[in-house]
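Notes for the structure review
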Amino acid sequence: MAHDGGREGFDVGYDANGAVQVTPSDQPASPAVDGLGCASKGEMDKAARTAGQSELLDRYAADYPMGPHDQPQSMCPAFGSLRVGLRMKRTATVLSGSACCVYGLTFVSHFYGARRSVGYVPFNSETLVTGKLFEDIRESVHALADPEKYDAIVVTNLCVPTASGVPLRLLPSEINGVRIVGIDVPGFGIPTHAEAKDVLAGAMLEYAREEIKAGPVAAPQGGKSDRPTVSILGEMFPADPMMIGAMLAPMGLAAGPVVPTREWRELYAALDCGAVAAIHPFYTASVRAFEAAGRPIVGSAPVGHDGTANWLAGIGDAFGLNKDQVAASQNAFLPAIQQALAAAPINGTITLSGYEGSELLVARLLIESGANVPYVGTACPKTPWSAADAEWLAAKGVTVKYRASLEDDLAAMEGVKPDLAIGTTPVVQKAKELGIPALYFTNLISARPLMGPAGAGSLGQVVNAAIAGRDRMASMKAFFEGVGHGDTAGVWEGAPNLRPDFRAQHQKKLDKMARAAKAAEMI
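Described in the following lines is the structure provided in the data block.

Parameters at a glance
Residues numbered from 1 in each chain as written. Predicted model: local features only at pLDDT ≥ 70, side-chain atom pairs only at ≥ 80, totals over all residues. Heavy atoms only, no water. Helix = DSSP H or I, 4+ residues; strand = E, 2+ residues; numbered from the N terminus. Buried < 20%, exposed > 50% of the residue type's maximum accessible area, 1.4 Å probe, protein only. Areas by Shrake-Rupley, 256 points an atom, 1.4 Å probe, with all protein chains shown as cover. Lys, Arg positive; Asp, Glu negative; His and termini not counted. Charge placed at Lys NZ, Arg CZ, Asp CG, Glu CD. Contact = heavy atoms within 4.5 Å. Salt bridge = Lys/Arg side-chain N within 4 Å of Asp/Glu carboxyl O. Axes fitted to C-alpha atoms, helices over the stretch in contact; angles between N-to-C directions. Parallel < 35°, antiparallel > 145°, perpendicular 65-115°, else oblique. Left-handed = near helix turned anticlockwise from the far one by under 90°. Nonpolar A, V, L, I, M, F, W, Y, C, P; charged D, E, K, R; others polar. Core = buried A, V, L, I, M, F, W, Y, C linked by side-chain atoms within 4.5 Å. Patch = residues over 30% accessible without salt bridge, like charges linked within 9 Å, V, L, I, M, F, W, Y side chains within 5 Å. Pairing = 2+ DSSP bridges. Disulfide = S-S within 2.5 Å. Polar contact = N/O pair within 3.5 Å; in protein donor to acceptor, adjacent residues only side chain to side chain. Right-handed = clockwise from strand over helix to strand, strands pointing away.

Here we come to the overall build of the protein chain. When its secondary structure is counted, the protein chain shows 22 helices and 16 strands. A principal-axis box enclosing the C-alpha atoms of the protein chain has dimensions of 75 × 65 × 45 Å. Across the 523 residues of the protein chain, 53% fall into the buried class. Of the roughly 23400 Å² of accessible surface on the protein chain, a fraction of 55% belongs to carbon and sulfur atoms. Both charge centroids of the protein chain, one from 45 positive and one from 54 negative side chains, sit 4 Å from each other.

Now for helix α11 (residues 284-292). Thr284, Ala285, Ser286, Val287, Ala289 and Phe290 are the residues of α11 that are buried. Directly after α11, the chain includes Gly294, whose backbone phi takes a positive value near 80°.

Moving on, we get to the environment of Ala201. Examined against the element boundaries, Ala201 turns out to sit in helix α8 (residues 193-214). Given a relative accessible area of 4%, Ala201 falls into the buried group. Linking Ala201 and Asn157, residues 44 residues apart in sequence, is a C-alpha distance of 16 Å. Sequence-distant contacts of Ala201, defined by excluding residues within four places in its chain, comprise Val259, Pro260, Tyr283 and Ser286.

The final tally for this structure, using the stated rule, is 19 salt bridges. In this structure, Asp136 engages Lys132 in a salt bridge whose closest nitrogen and oxygen atoms are separated by 2.4 Å. Taken together, the positions of Asp136 and Lys132, both in helix α6 (residues 132-144) and 4 residues apart, correspond to about one turn of that helix. In this structure, Asp226 engages Arg227 in a salt bridge whose closest nitrogen and oxygen atoms are separated by 3.8 Å. Counted as one network, the salt bridges with shared partners bring together Arg83, Arg87, Lys197 and Glu235.

Interaxial distance between helix α12 (residues 304-319) and helix α13 (residues 323-343) falls to 9 Å at its minimum, and their mutual angle equals 165°. The orientation of α12 with respect to α13, classified from their angle, is roughly antiparallel. Crossing geometry of α12 relative to α13 is assigned as right-handed. Residue-level inspection shows Gly304, His305, Thr308, Ala309, Leu312, Ala313 and Gly316 of α12 in contact with α13, the latter providing Val326, Ser329, Gln330, Leu334, Ile337, Gln338 and Leu341. Grouping the constituent residues of the contact of α12 with α13 by class yields 7 nonpolar, 7 polar and no charged.

This part covers the nonpolar core. Formed by 59 residues in total, the largest nonpolar core has its most connected members in Ile279, Leu366 and Val463. It is helix α14 (residues 359-368) that provides the largest number of residues to this core, a total of 7 residues.

This next bit is on unusual backbone geometry. Residues Val259 and Pro260 are joined by a peptide bond in cis, for which omega reads 5°. The phi dihedral of Asn176 is positive, around 55°, even though this residue is not glycine. By the element assignment, Asn176 lies in the loop between β5 (174-175) and β6 (178-184). Using a relative accessible area of 56% as the deciding quantity, one classes Asn176 as exposed. The phi dihedral of Ser300 falls on the positive side, at around 65°, and the residue is not glycine. Take Ser300: it is sitting in the loop between β11 (297-298) and α12. Ser300 sits in the buried class, given a relative accessible area of 8%.

Another point: a nonpolar patch on the surface. On the surface, Tyr103, Phe107, Phe111 and Tyr112 cluster together into a nonpolar patch covering about 520 Å² of accessible area. Looking at where Phe107 falls in the secondary structure, it is placed in helix α4 (residues 99-111).

Moving on: the sheet that holds strand β9 (residues 254-259). Pairing is parallel across the open sheet formed by 4 strands, whose spatial order is β9-β8-β10-β11. The two strands at the open ends of the sheet, each matched to only one other strand, are β9 and β11. Helix-sheet contacts for α11 involve β8 (229-233), β9, β10 (275-277) and β11, and the interaxial angle to β8 is about 160°.

Here we come to the state of the cysteines. What we call a disulfide is simply a covalent bond connecting the sulfur atoms of a pair of cysteines. Counting across every chain of the model gives 0 disulfides. The thiol of Cys100 is unpaired, and the distance to the nearest cysteine sulfur, on Cys101, comes to 4.1 Å.

In this section: the side chain of Thr378. By secondary structure assignment, the location of Thr378 is in strand β13 (residues 372-378). Among the polar contacts listed, one links the side chain of Thr378 to the side chain of Glu359, at a separation of 2.8 Å. Among residues more than four places away in sequence, those in contact with Thr378 are Gly354, Gly357, Glu359, Leu360, Lys401, Tyr402, Arg403 and Ala404.

Let us look at the pairing of strand β15 (residues 420-423). The side-chain alternation of β15 yields two buried faces, one formed by Leu420 and Ile422 and the other by Ala421 and Gly423. Across 3 bridges, the pairing between strand β12 (residues 349-354) and β15 is parallel. Paired with Thr351 across the bridge in β15 is Ala421. As paired strands, β15 and strand β16 (residues 438-440) are joined by 3 bridges and run parallel to one another. The residue bridging Ala421 from the neighbouring strand is Ala438, located in β16. In this region the chain leaves β15, passes through helix α17 (residues 425-433) and returns to the parallel neighbour β16; the handedness of that crossover is right-handed.

Structure (structure tokens):
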């Protein structure tokens, strides 16, 4: 018989209404340090600590350790948390940051299909220094808190308000029955937008956990599951949770909500699980909230034959199932996965990189499909929940690079000269310059099922079609040969005036500034 995993001492009681205590405060905001920009990582960090943000930054440093580059190399991290909030029903989003940052974030969010407005609380040097910005944010939240429209309001500090110590923690936790969730998502503290999703998801889970402890909460819209559930951690292709549910059914289990959730009440159901599947392994704050509720965490994912077999066994262990129950699911799905892999073989060498967090899973699937994958780079950090995938890949001779920089990914691609490069936009761009077929990871790989039999055959068609285009890429490279490269690209009537003396002079200035900054750090 299945039991509910590590549920002792934390039972979720459901009712029509949930309640949470309000803890308002009128303490003044800390003084601001103005004139800092996105590239001022060291100054931003120092200013934030001076403004009383050391505890926050130390927690972020532990949850999301930095890599070789001292600031994000992908889009602004806050896009991740913004995306999570914008996808939730009855949830309003308010940003506090520089106008240029807010413009870029709202542009990208609407480009990716957001169909709602993003609130913005502007500021200037005076409102930062005097603490008026915090008062403006509090006033805006009070005006926005309409329980007929919203379950929650998410307020996000970007770089400058975080560095200035604007204390979102002092906002009321609830206004007129609308939950207020304040988070800081600075580019100098959160390395990738993928991890910013965890910042908000973790904050919401912790809020919901406190609500559950306070009393009965709203039941899931479809009712409570009649079987123990496995909550799923990480955004994924819509068909994947359904496939996971199908694989759990022979064991007497069901798939729970996907975190980040699409509405607030799903947070309660997510916490009301028997175990958590950390499909995306970088959700450190979310894992902490689940572990505080006594829920066991299962790493890796049901991808390919080996991955599915081991993941089902891990789920069985988490729920204390007997081997026959686990074997029932394995016997039902592993042959179908092998058949799907055999029907869509991949023959070629592929380098793989990205910032979504699922890079190791995709690499496993490519290898079981027959591909040679010598290098996998992920912008996300190494965590215990990807250890099984890293070990499996290492046994296959794959070099796995956590916190990989763009330079790492380019060096691997240029060194291997693969039949196909899968990566971020600049990797794809460079590959095509070299005449190497390339696919953008986010749009062309992540946007496909990966789990179970459905995922086993999903990559073959797009990958093989791209590899088959190598001759076309060579023809295009030959056609454009001689038009120049970098700052000499294009059509010129005469020879480009490169002025290497100007470049050398400017480089000396940069080197002098770097030496001065290094000396200042030593003082």
